[in-house]
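Spelled out, the chains give:
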Amino acid sequence: MTKKQRALAVIERLKEKYPDAICSLTYRKDYELLIATRLSAQCTDARVNIVTQDLFAQFPTVESFAQADLTQVEEIVKPCGLYKTKAKSIVEMCKILLERFDGKVPDNMEDLLTLPGVGRKTANLILGDIFHKPAIVCDTHCIRITNLLGLTDTKDPAKCEEQLRKILPPEESSDLCHRFVLFGRERCKARKPDCGSCELKDICKHGSSEKTERK
C-alpha cells in the first residue's frame, strides 16, 4: 500500500467514524477564531472556550479589541497561560486588522503570517475553516498520528505539512485534520494509544509493528 493509498483509506474510515468534522474552538466571527486559536497555544480547547465566552462578551468587535486596555485583556485570558504575551498579540493583531485589512481577516497565507502570534498552523486553520480553502493544520495530534500511521516521518510542523500536501486530496485535508483531533482524544491518545480497538490498526505502521512484537 502506497502512502497515498493509505491516506485515502484513513480519510474514508475517519469520515465514517466522525461525519461532522468541525473545529473544537467556539466562534461566531472570523476574527474570533483567530483570537481563540492564539489562546489555544499550550492550553486546552475546552478551557479556551470557557475564557472566550467572557472575552468576546467584553470585547464584541475588532474595534473594541484594538482599543482595549491591555491589563483588562490580560486578566480575562490569564487562565489560558502565557497571558501577557497572548493578550499583547491579540490587541496588536486587531489593530493591524483595522489599519491594513479594513477590519477583515486576510484570506491568504502571506498576509495572515504578518499578524502577531500567527504561524502556519493558525493560518491554515483560518484558511480551511473560514475561507474553505485547502489547508493542513499540523498541530500535535496531526503530527503524532500521521507519524504513527507512516504517512509522515518528521515532528517538524512545516516539514509535516509539506509531506502531507503530497499525498492528501486538497479538498479533504482540512476536515481530516479536525478528525485527527477527535481521533487523538478518543482513540490514539498520546500517552496510551488504544491500538487494540483502533479502526486504523490494519493500515497503521505503528499498529502493525505492535502486532508483530506481540507475536
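None of these values were measured; they are calculated from a predicted model.

Rules behind the numbers
- Residues numbered from 1 in each chain as written.
- Predicted model: local features only at pLDDT ≥ 70, side-chain atom pairs only at ≥ 80, totals over all residues.
- Heavy atoms only, no water.
- Helix = DSSP H or I, 4+ residues; strand = E, 2+ residues; numbered from the N terminus.
- Rg over C-alpha atoms; globule rule 2.2 N^0.38 Å.
- Buried < 20%, exposed > 50% of the residue type's maximum accessible area, 1.4 Å probe, protein only.
- Contact = heavy atoms within 4.5 Å.
- Core = buried A, V, L, I, M, F, W, Y, C linked by side-chain atoms within 4.5 Å.
- Disulfide = S-S within 2.5 Å.
- Polar contact = N/O pair within 3.5 Å; in protein donor to acceptor, adjacent residues only side chain to side chain.
- Axes fitted to C-alpha atoms, helices over the stretch in contact; angles between N-to-C directions.
- Parallel < 35°, antiparallel > 145°, perpendicular 65-115°, else oblique.
- Left-handed = near helix turned anticlockwise from the far one by under 90°.
- Nonpolar A, V, L, I, M, F, W, Y, C, P; charged D, E, K, R; others polar.
- Expected span 1.5 Å × (residues − 1).
- Salt bridge = Lys/Arg side-chain N within 4 Å of Asp/Glu carboxyl O.

Draft legend 1. Representation of the overall build of the chain. The number of helices and strands found in the chain is 12 helices and zero strands. When the helices and strands of the chain are placed in sequence order, the string is α-α-α-α-α-α-α-α-α-α-α-α. Here the C-alpha atoms of the chain give a radius of gyration of 19 Å, agreeing with the 17 Å that 2.2 N^0.38 yields for 215 residues. In terms of its C-alpha atoms, the chain occupies a principal-axis envelope of roughly 65 × 30 × 30 Å. In the chain, which comprises 215 residues, the share counted as buried stands at 49%. A separation threshold of at least 6 residues defines the contact pool for the chain, and within that pool the share at least 24 residues apart is 59%.

Draft legend 2. Quick look at the environment of P134. With respect to the helices and strands, the residue P134 is situated in the loop between α8 (120-129) and α9 (140-149). Ignoring sequence-local partners within four residues, the contact set of P134 consists of R165, P170 and S173.

Draft legend 3. Region of interest: the nonpolar core. If you look at the biggest cluster of nonpolar residues, it comprises 67 residues, and the most contacted ones within it are I35, L55, F65, L115 and L164. The greatest single-element share of this core, amounting to eight residues, is contributed by helix α6 (residues 83-101). For I35, the residues in contact, after removing those within four places along its chain, are L55, F56, F65, I90 and C94.

Draft legend 4. Just the state of the cysteines, in detail. Taken as a whole and assessed by the stated rule, the structure comprises zero disulfides. This cysteine, C43, is not joined by any disulfide, and C80 carries the nearest cysteine sulfur, 4.1 Å off. The closest cysteine sulfur to the non-disulfide-bonded C177 is located on C142, 4.3 Å from its own sulfur.

Draft legend 5. Spotlight on the side chain of N49. Within the secondary structure, N49 sits in helix α3 (residues 45-58). Within the structure, the side chain of N49 is placed 2.8 Å from the backbone nitrogen of T26, a separation counted as a polar contact.

Draft legend 6. Examining the packing of helix α2 (residues 30-39) against α8 more closely. One way to put it is that α2 packs onto α8 with a least axis distance of 10 Å and a crossing angle of 150°. Considering their axes alone, α2 and α8 lie roughly antiparallel with respect to each other. The element α2 and its partner α8 pack so that their crossing is right-handed. In contact with D30, L33, L34 and T37 of α2, α8 contributes T122, L125, I126 and D129. Among the residues forming the contact of α2 with α8, the class breakdown is four nonpolar, two polar and two charged.

Draft legend 7. Representation of helix α1 (residues 3-17). Between its first and last C-alpha, α1 extends 21 Å over 15 residues, near the 21 Å set by a 1.5 Å rise per residue. Regarding α1, the residues found buried are R6, A7, A9, V10, I11 and L14. Considering only its buried residues, α1 is in contact with α9 and α11 (170-186).

Draft legend 8. Quick look at the pattern of salt bridges. Counting across every chain of the model gives 11 salt bridges. Note that E74 and K84 form a salt bridge whose closest N and O atoms lie 3.6 Å from each other. Pair noted here: E74 is in helix α5 (residues 70-77) and K84 is in helix α6, with a separation of 10 residues, a long-range link. E74 gets classed as buried once you look at its relative accessible area, which sits at 11%. Via salt bridges that share partners, K17, E186, R187, D194 and E199 belong to a single interconnected network.

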